[in-house]
Amino acid sequence: ASAREAGVSGQVLYANLLWASQSGCERDELFLSQGEVLLGERAFARAAFGADPWGRNADQMFAELSGTDSTGKRGLEAARLPPETVATHADIEQQVIPFADAVAAAIAARDYKIVGATTSVEQTASSIAFLQRVKALRADVTTILGGANCDGPMADEVAALLREKQRKAVQI
């Protein structure tokens, strides 16, 4: 109410829901329920930090999810996901950069002076990917990252990741 009285307005984009509807992720809760491997963060790792697709040790992660051991033999009792589910969703990461680019372009095309993202469970990499792209398109926009993951030790780690990415970019 105070912002509105001061002539400041805001809009909300639920990019997570847009991503789910466009990527097909909403159709497979089993795939997304593998929380301990942070699939949401891994999917956006390359877009946010220039990491390998699906982040570090992706082959090992997919092998564990599908129940394949280091020799390539399958142990179905060890599988957390049916093999067809893993195969179907392994290409989701390829959709991330075009999606992040499109969302950022749509945001940058508007006359926003401030663009913020909030991050909690598995939303840090995607938020960073969007905000970096908006800033690249519109250097005049102030970007803000907030939310539960921007407090305490998690905030320190997010800041360290961004400093490391910036350091590497300067070296190129």
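Presented here is an overview of the structure given in this document. (Residues numbered from 1 in each chain as written. Predicted model: local features only at pLDDT ≥ 70, side-chain atom pairs only at ≥ 80, totals over all residues. Heavy atoms only, no water.)

Let us look at the packing of aromatic side chains. In total, this model carries 4 aromatic pairs according to the counting rule given. Seen in terms of ring centroids, F99 and F130 are 5.8 Å apart; in terms of plane orientation they differ by 70 degrees. Their pairing is edge-to-face. In this pair, F99 sits in helix α8 (residues 93-108) while F130 sits in helix α9 (residues 124-137), placing the two residues 31 residues apart along the sequence. In this pair, the class of F99 matches that of F130, namely buried. (Phe/Tyr/Trp six-rings, centres within 6.5 Å; stacked < 30°, edge-to-face > 60°. Helix = DSSP H or I, 4+ residues; strand = E, 2+ residues; numbered from the N terminus. Buried < 20%, exposed > 50% of the residue type's maximum accessible area, 1.4 Å probe, protein only.)

In this section: the pairing of strand β2 (residues 142-146). As paired strands, strand β1 (residues 114-118) and β2 are joined by 5 bridges and run parallel to one another. In the strand pairing of β2, I114 is matched with T142. Taking the sense of rotation as the criterion, the β-α-β connection linking β1, α9 and β2 turns out right-handed. (Pairing = 2+ DSSP bridges. Right-handed = clockwise from strand over helix to strand, strands pointing away.)

Our focus in this paragraph is the layout of surface pockets. Each pocket or cavity is described by its volume, and for the second largest pocket that value is around 680 Å³. Lining the second largest pocket are 23 residues, and of these A45, F49, A51, R56 and L161 sit closest to its centre. Grouping the constituent residues of the lining of the second largest pocket by class yields 10 nonpolar, 4 polar and 9 charged. (1 Å grid on protein atoms, 1.4 Å probe; cavity = no way out; pocket = protein on both sides within 12 Å on 5 of 7 lines; lining within 4 Å. Points joined across faces, edges and corners; volume = space filled by probe spheres on them. Nonpolar A, V, L, I, M, F, W, Y, C, P; charged D, E, K, R; others polar.)

Just distances and angles here, no functional claims.
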